[in-house]
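Structural characterization, general
Each chain, written out:
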Amino acid sequence: MDILYLLIPLSLVLVFVIAALFWWSLKTGQYEDLEGPGHRILMDDDRSDVRETRNTIDPDQGATEEK
(Lines give C-alpha, C1' and ligand atoms only; values in the text may rest on other atoms or scores of the structure.)
Protein backbone atom coordinates (compact mmCIF):
# COMPACT_ATOMS: atom_id res chain seq x y z
CA MET A 1 0.00 0.00 0.00
CA ASP A 2 2.90 2.35 0.66
CA ILE A 3 4.06 2.02 -2.95
CA LEU A 4 0.94 3.90 -4.08
CA TYR A 5 2.31 7.04 -2.44
CA LEU A 6 5.15 6.85 -4.95
CA LEU A 7 3.37 5.49 -8.02
CA ILE A 8 0.41 7.87 -8.13
CA PRO A 9 2.48 11.10 -8.11
CA LEU A 10 4.99 9.54 -10.51
CA SER A 11 2.23 8.60 -12.94
CA LEU A 12 0.73 12.09 -12.74
CA VAL A 13 4.10 13.65 -13.51
CA LEU A 14 4.49 11.28 -16.47
CA VAL A 15 1.04 12.20 -17.79
CA PHE A 16 1.85 15.92 -17.58
CA VAL A 17 5.20 15.43 -19.35
CA ILE A 18 3.57 13.49 -22.18
CA ALA A 19 0.80 16.09 -22.47
CA ALA A 20 3.36 18.91 -22.57
CA LEU A 21 5.36 17.17 -25.31
CA PHE A 22 2.19 16.59 -27.34
CA TRP A 23 1.13 20.22 -26.91
CA TRP A 24 4.59 21.37 -28.01
CA SER A 25 4.43 19.18 -31.12
CA LEU A 26 1.04 20.66 -32.03
CA LYS A 27 2.29 24.23 -31.59
CA THR A 28 5.46 23.69 -33.67
CA GLY A 29 3.51 22.32 -36.64
CA GLN A 30 4.57 18.68 -36.56
CA TYR A 31 1.14 17.58 -37.82
CA GLU A 32 0.58 20.23 -40.49
CA ASP A 33 1.26 18.16 -43.63
CA LEU A 34 0.65 14.47 -43.06
CA GLU A 35 0.21 13.48 -46.72
CA GLY A 36 2.99 15.54 -48.31
CA PRO A 37 5.97 13.26 -47.58
CA GLY A 38 4.11 10.25 -48.96
CA HIS A 39 3.31 12.08 -52.17
CA ARG A 40 6.89 13.32 -52.53
CA ILE A 41 8.19 9.76 -52.38
CA LEU A 42 5.80 8.63 -55.10
CA MET A 43 6.44 11.62 -57.37
CA ASP A 44 10.24 11.46 -57.10
CA ASP A 45 12.04 11.85 -60.42
CA ASP A 46 14.44 8.91 -60.64
CA ARG A 47 15.90 9.93 -64.01
CA SER A 48 18.19 12.53 -62.43
CA ASP A 49 19.71 9.79 -60.23
CA VAL A 50 20.58 7.70 -63.30
CA ARG A 51 22.60 10.55 -64.82
CA GLU A 52 24.61 11.02 -61.63
CA THR A 53 25.43 7.33 -61.15
CA ARG A 54 26.24 6.65 -64.79
CA ASN A 55 29.72 8.21 -64.49
CA THR A 56 30.70 6.63 -61.20
CA ILE A 57 32.95 3.58 -60.84
CA ASP A 58 31.32 0.38 -59.63
CA PRO A 59 33.68 -1.36 -57.17
CA ASP A 60 32.42 -4.78 -58.27
CA GLN A 61 33.18 -4.13 -61.95
CA GLY A 62 36.69 -2.75 -61.52
CA ALA A 63 38.08 0.56 -62.69
CA THR A 64 36.77 0.47 -66.28
CA GLU A 65 35.13 3.78 -67.01
CA GLU A 66 34.10 5.12 -70.41
CA LYS A 67 35.73 8.38 -71.43
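Everything numeric in this text was worked out from a predicted model, so none of it was measured.

**Regarding the overall build of the protein**
- A tally of regular secondary structure across the protein gives three helices and zero strands.
- In the protein, the order of α-helices and β-strands from amino to carboxyl end is α-α-α.
- Across the 67 residues of the protein, 3% fall into the buried class.
- Surface summary for the protein: the accessible area is close to 6900 Å², and the carbon and sulfur share equals 63%.

**Considering the side chain of Ser25**
- Secondary-structure assignment places Ser25 in helix 1 (residues 4-27).
- Not counting residues within four places of it along the chain, the set of residues in contact with Ser25 comprises Gln30 and Tyr31.

**Description of the packing of aromatic side chains**
- Under the defined criterion, the tally for this structure stands at one aromatic pair.
- Measuring from centroid to centroid gives 6.2 Å for Phe22 and Tyr31, while their planes differ by 45°, and the two rings are tilted.
- When its relative accessible area of 47% is taken as the criterion, Phe22 is described as partly exposed.

**A closer look at the confidence of the model for the protein**
- For the protein, the mean per-residue pLDDT works out to 81, and 64% of the residues sit at or above 70.
- For the protein, per-element mean pLDDT is lowest for helix 3 (residues 47-54), which scores 58, and highest for helix 1, which scores 97.

**A few points about helix 1**
- With 24 residues, helix 1 extends 34 Å between its outermost C-alpha atoms, agreeing within 8% with the 34 Å of an ideal straight helix rising 1.5 Å per residue.
- Phi turns positive one or two residues past the end of helix 1, at Gly29, with a value near 85°.

**Topic: a nonpolar patch on the surface**
- A cluster of nonpolar side chains, Met1, Ile3, Leu4, Leu6, Leu7, Ile8, Leu10, Leu12 and Phe16, forms an exposed patch at the surface whose accessible area comes to about 970 Å².
- Note that Leu10 resides in helix 1.
- Leu10 sits in the exposed class, given a relative accessible area of 52%.

What counts as what
Residues numbered from 1 in each chain as written. Predicted model: local features only at pLDDT ≥ 70, side-chain atom pairs only at ≥ 80, totals over all residues. Heavy atoms only, no water. Helix = DSSP H or I, 4+ residues; strand = E, 2+ residues; numbered from the N terminus. Buried < 20%, exposed > 50% of the residue type's maximum accessible area, 1.4 Å probe, protein only. Areas by Shrake-Rupley, 256 points an atom, 1.4 Å probe, with all protein chains shown as cover. Contact = heavy atoms within 4.5 Å. Phe/Tyr/Trp six-rings, centres within 6.5 Å; stacked < 30°, edge-to-face > 60°. pLDDT = per-residue confidence, 0-100. Expected span 1.5 Å × (residues − 1). Patch = residues over 30% accessible without salt bridge, like charges linked within 9 Å, V, L, I, M, F, W, Y side chains within 5 Å. Salt bridge = Lys/Arg side-chain N within 4 Å of Asp/Glu carboxyl O.

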